[in-house]
Structure formats: C-alpha cells, structure tokens
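# Close look at the chain arrangement
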Amino acid sequence: MSILYQQSAVIVRPAEVEDDYHNITFDYGPAATRIPVSGVNVQPSGGSAEDTDGRQVTVTGWRLYTPRGRDLDLRETDRIEFDGMTLQVAGKVARWPAPGGGVHHIEADLREVA
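Described below are features of the structure shown in this document. (Residues numbered from 1 in each chain as written. Predicted model: local features only at pLDDT ≥ 70, side-chain atom pairs only at ≥ 80, totals over all residues. Heavy atoms only, no water.)

## A short note on the nonpolar core
The criterion, for reference: As used here, the term nonpolar core means buried Ala, Val, Leu, Ile, Met, Phe, Trp, Tyr and Cys residues forming a set that is joined through side-chain atoms within 4.5 Å. In this scheme, a residue with accessible area under 20% of its type's maximum is buried, one over 50% is exposed, and one in between is partly exposed, where area comes from a 1.4 Å probe on protein chains only. The helix count covers DSSP runs of H or I at least four residues long, the strand count covers runs of E at least two residues long, and both are numbered beginning at the N terminus. Here, two residues are considered to be in contact whenever any of their heavy atoms come within 4.5 Å of each other.
Judged by nonpolar contacts, the single largest core of 18 residues is most densely connected at L64, L74, I80 and L110. Those elements giving two or more residues to this core turn out to be β1 (7–13), β4 (33–51), β5 (57–65), β6 (79–82), β7 (85–89) and β9 (103–113). Once you skip the residues sitting within four places of it in the chain, I80 turns out to touch A9, V10, I11, L64, L74, M85, T86, L87, V89 and L110.

The structure is reproduced here in structure tokens:
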C-alpha cells in the first residue's frame, strides 16, 4: 500500500425516518450507522468559497480516494467524519473501472460547510 493511503475515516450512514407526512428523511444522529474505514486518502480539493448573504458560511472542498483495487461502500447520502470534521458527500461516488472488470479505485467529492 502506498504511503498516501494511511488515513482513517468513518462513514456515517443515515437512518431513514418517515416524517408525519410520510416523507423519508435522513437522520445523521444517534440512529445513524457508523462504519470505520482505513487505508484511504482525503485531500483538500477545489479550495474554499464564502457566502456572506444572510450569514457567514465557508464551504471547503475535499476529495476521498481509495487505492487501486479497493471499492468502498460509500453512498451519496452518506457523510464522512475525518480529522475532526464532518464532510458531506457531494454528488455521485465515482467508481473507476479496472481493466478486465471490477473497480480500480473510487473518488468522492466531499464538502465541509462551516
């Protein structure tokens, strides 16, 4: 394994909860499932942007990679806990195909909203 893939994170899989109007919502609190993962690489990506309309908000981009041959059960509705931050999965998780079949590696865009 490369020296790049020695970080650990926790996938936070939300519980699906039905509200009073029978809509499914996601609960990231105590009902969520936490799945520890190791051997990943999380790096800053895309910089930061500030939105000062109404309130001060800073959005910072991150990207999660897995090493060659490693798939990860990561969904677009999940969150990632990493280095004291809670990051939202932004969009679809990219699963790069391997020659001959399977997954070569995955990449996921993450956003920290603070």
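After that view of the structure, there is still more to cover.
## Side note on unusual backbone geometry
One non-glycine residue, H22, lies in positive phi territory at about 65°. Here H22 lies in the loop between β2 (15–18) and β3 (24–27). The phi dihedral of D83 falls on the positive side, at around 50°, and the residue is not glycine. Topologically, D83 is positioned in the loop between β6 and β7. Residue D83 is classed as exposed on the basis of its relative accessible area of 65%.

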